[in-house]
Amino acid sequence: MPAIARRLVIGFGSESGNAQALAYSLACNPLWKDATGPVHELNALSLSQMDKEDLLVIVSSSFGDGEPPANAEQFLARVQQSDALHGLRYVLFGLGDTGYPNFCGFTKQLDAALQERGAQALIPRVDADTDYADFFTQWQAGLMQVWQGQLEAGAQLMLRVTAYGEDNAFAAPVLERKCLSLPAPDGCESECAAHHIRLDVRGSGMAWRAGDTLHVLAKNEPQLLAAIACWLGDAEAIHALQTKELRLISKTVLREIAGKTGHVTLKELLKFSKRKELDAYLFGADILDILEDFATPGQIHLDDLLQWLSPRLPRAYSIASPGASDYLDLCIREIRHSHRDRQRNGMATHWLLNATEPIQVYCRSNPGFHLPQDVQAPLILIGTGTGIAPLIGLLREMQAKGQHRRVCLVFGEKRSNHDFLYREELQALQASAALECLITAFSRDGDSKYYVQHAIAEHGEQLRALVDSGAHIYVCGNKTHLEKAVAGALNALYVSVLSQGPSDQTVLDETDKTPAVLWPSLQAQGRIHQELY
Ligand SMILES: Cc1cc2nc3c(=O)[nH]c(=O)nc-3n(C[C@H](O)[C@H](O)[C@H](O)COP(=O)(O)O)c2cc1C
């Protein structure tokens, strides 16, 4: 089939090399290799030297605040200065990061400038997030079809991540809510049950992968708003404070209150030397506690709070389902306790569990917790409590992608008959050999406490074999204890190795196996992935 163009002209705009690498790999495609000249920085591309026989291929990132990379700035200026570009045919692949407010800002601007001057896009512009590899594969396949004259295929290729964020969240209806914990004999289930939540994200254009996080913008509880309004003596507060952060109160707000009230205890608490006491006080406290403790009605007004309080902050949850799906799963723990005669609920968890309206959400990429690129690399997944969420997400993503790795899961919780989250699913994965081993550590099942570090020691030989064959280790759970416990337990496995003498079939240097350096060495190799909260 004849090509649609005589020349494929490839230009890139790149600051840290991603777009440049894609541009060079594109040039090697055998289909157009002979019709492609040198790959250019966009700044070095001259529009006047291109004609109707050419197809211009642009691969570029955005930087700064949606601006061009330095090696593409002049190209944008040149396009903007051109009178007309009729007859110029182009395709444009934009790399960006939805974490930035101006997602793919430069490539969107460039696309608009080219179109305004009459240039013709043969494939709609691509807006790719940090995980651009899949989009690039699809786009290159589409470009090959276009190159061979199948213009319709190109016109239909829509590869665009919609950038949702705090100011532009997606309203996701709740599809399912299910309690994952079973009733416990001591009646603790109402306090600490874990729940599965499924959100409907059809039509959102939202892109994520297992390991990524979902940010939830919850509404403040009516009871809390009413109580604050009552304290202020201003009913307007119920509506006005709806989108303000009432739980995570910054020290700046406390300083403002101290400035207004002159409260001696608060001023004392704000001293640098009292920072630990202040942190302890703030833990679990909301703005109503602070007002009740350090101010009297009449000293603080609604306008003050509106000025001082930040907008409500999103709460992040690990996604427990694979990407490229119509729905998105979470595994959350209900937080409910009584403090100073008031019922306290976790703001976003309560909202997720009770809201009758769609939940405002957006995704954020978490590349450090994605599956390793090496599809052969074994995995050791270690999670406690709802820390299982991203791990079940990784397992499900492997299933969805048909990846067969050696995987071992170590799961820690309190009681097997109450807290064995995803028990059936995990046992089914084990039965199907998708999970090579399922190790549990239920701390309250026996007479003495048994935690994941004890399970790691007990199953040391099996885990060591996985580490020696290049396993990546994923750890998710408690920030205060888990890393130390897991690192210590894995290091300890190699103390016994050293005492037994070196093994010869290992991917680690013998020097890396000394207890103190094993963990940092695995970290340096990019084999430790942690999500601690
Ligand atoms: C300092 C900095 C600023 C960035 N600004 C933006 C931005 O405004 N919009 C966007 O979509 N991506 C932004 N990004 C993300 C990059 O576009 C993205 O990482 C891309 O893959 C980099 O490609 P490159 O290596 O070819 O430059 C930024 C990245 C960094 C490090």
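Residues numbered from 1 in each chain as written. Predicted model: local features only at pLDDT ≥ 70, side-chain atom pairs only at ≥ 80, totals over all residues. Heavy atoms only, no water.

Draft legend 1. Up close: the packing of aromatic side chains. Taken as a whole and assessed by the stated rule, the structure comprises 11 aromatic pairs. Between the aromatic rings of Phe-93 and Phe-136, the centroid separation amounts to 5.4 Å while the plane-to-plane angle is 85 degrees, which identifies the pairing as edge-to-face. Taken together, the residues span a long stretch of sequence, with Phe-93 in strand β4 (residues 89-95) and Phe-136 in helix α4 (residues 133-147) at a distance of 43 residues. Both residues of the pair, Phe-93 and Phe-136, count as buried. Pairing Phe-136 with Trp-139 gives two aromatic rings, centres 5.9 Å apart and planes at 40 degrees, and the pair type is tilted. Here the residue Phe-136 and the residue Trp-139 both occupy positions in helix α4, the gap between them amounting to 3 residues, near one helical turn. Given the relative accessible area of 0%, Trp-139 is considered buried. Here a set of aromatic residues connected by ring pairs shows up, and it is made of Phe-93, Phe-136 and Trp-139. Cation over ring: Arg-198 sits above Tyr-327, and NZ or CZ is 3.6 Å from the ring centre. For Arg-275, the ring lying beneath its charged end belongs to Phe-272, and the centroid distance is 4.1 Å. (Phe/Tyr/Trp six-rings, centres within 6.5 Å; stacked < 30°, edge-to-face > 60°. Helix = DSSP H or I, 4+ residues; strand = E, 2+ residues; numbered from the N terminus. Buried < 20%, exposed > 50% of the residue type's maximum accessible area, 1.4 Å probe, protein only. Lys NZ or Arg CZ within 6 Å of the ring centre and 35° of its normal.)

Draft legend 2. Fine view of the sheet that holds strand β8 (residues 174-179). Judged by pairing direction, the sheet is antiparallel, and its 3 strands sit side by side in the order β8-β9-β12 without closing on themselves. Each end of this open sheet is capped by a strand with a single partner; those strands are β8 and β12 (327-333). Direction aside, neighbouring strands of the sheet carry axes that sit 15 degrees apart on average. Bridge analysis of strand β9 (residues 194-200) against β12 gives 7 bridges, and the strand direction is antiparallel. (Pairing = 2+ DSSP bridges. Axes fitted to C-alpha atoms, helices over the stretch in contact; angles between N-to-C directions.)

Draft legend 3. Focus on the site of the ligand. Near the ligand, the surroundings consist of 19 residues, among which Ser-14, Ser-16, Ala-19, Gly-66 and Cys-104 are the closest. Ser-61 is positioned with one of its side-chain polar atoms (N or O) 2.8 Å from an oxygen atom of the ligand. Here the ligand loses 82% of its free accessible area of 640 Å² to cover by the protein chains. The residue inventory of the shell around the ligand, partitioned by class, reads 6 nonpolar, 10 polar and 3 charged. (Near = heavy atom within 4 Å. Polar contact = N/O pair within 3.5 Å; in protein donor to acceptor, adjacent residues only side chain to side chain. Areas by Shrake-Rupley, 256 points an atom, 1.4 Å probe, with all protein chains shown as cover. Nonpolar A, V, L, I, M, F, W, Y, C, P; charged D, E, K, R; others polar.)

Draft legend 4. Focus on unusual backbone geometry. Positive phi is not limited to glycine here, since Cys-104 has a value of about 50 degrees. On the basis of relative accessibility, which here comes to 1%, the residue Cys-104 falls in the buried class. Unusually for a residue other than glycine, Arg-340 sits at a positive phi of about 50 degrees. Position of Arg-340 among the secondary structure elements: in the loop between β13 (336-339) and β14 (342-345).

Draft legend 5. Seen up close, empty space enclosed by the protein. For the structure shown, the criterion picks out 1 cavity of 30 Å³ or more. In this structure, the largest cavity encloses a volume near 100 Å³. Taken together, 15 residues form the lining of the largest cavity, with Thr-98, Asp-129, Val-161, Ala-207 and Cys-363 sitting closest to its centre. When its residues are assigned to classes, the lining of the largest cavity shows 7 nonpolar, 4 polar and 4 charged. Among the domains, domain 1 (7-155) and domain 2 (170-218 + 314-364) are the pair contributing at least three residues each to the lining of the largest cavity. (1 Å grid on protein atoms, 1.4 Å probe; cavity = no way out; pocket = protein on both sides within 12 Å on 5 of 7 lines; lining within 4 Å. Points joined across faces, edges and corners; volume = space filled by probe spheres on them. Domains from an automatic or database assignment.)

Draft legend 6. Highlighting the sheet that holds strand β10 (residues 213-217). Spatially, the 4 strands line up as an open sheet ordered β7-β15-β10-β11, and their pairing is antiparallel. The open sheet terminates on both sides in strands that have one partner only, identified here as β7 (170-172) and β11 (315-318). Across this sheet, the average inter-strand angle for adjacent strands is 40 degrees, counted without regard to direction. As defined by bridge partners, β7 adjoins strand β15 (residues 359-364) across 3 bridges and the pair is classed as antiparallel. From the neighbouring strand, Phe-170 faces β15, where its bridge partner is Val-361.

Draft legend 7. Representation of a negative patch on the surface within the structure. A contiguous patch of negative charge, built from Glu-15, Asp-65, Glu-67 and Glu-73, is present on the exposed surface. Here Asp-65 lies in the loop between β3 (54-61) and α2 (73-81). (Patch = residues over 30% accessible without salt bridge, like charges linked within 9 Å, V, L, I, M, F, W, Y side chains within 5 Å. Salt bridge = Lys/Arg side-chain N within 4 Å of Asp/Glu carboxyl O. Lys, Arg positive; Asp, Glu negative; His and termini not counted. Charge placed at Lys NZ, Arg CZ, Asp CG, Glu CD.)

Draft legend 8. Highlighting α4. Compared with an ideal rise of 1.5 Å per residue, which puts 15 residues at 21 Å, α4 spans 21 Å between its outermost C-alpha atoms and is within 8% of the ideal. Of the surrounding elements, those touching the buried residues of α4 are β1 (7-13), α1 (18-27), β3, β4, β6 (126-128) and α5 (151-155). Downstream of α4 by a residue or two, Gly-149 has a phi angle that is positive, lying close to 100 degrees. (Expected span 1.5 Å × (residues − 1). Contact = heavy atoms within 4.5 Å.)

Draft legend 9. Representation of the pairing of β9 within the structure. Counting buried residues along β9, 7 of its 7 residues qualify, which places the element largely inside the surrounding structure. Both β8 and β9 contribute to a ladder of 5 bridges, which runs antiparallel. Within β9, the residue paired with Cys-179 across the bridge is His-195.

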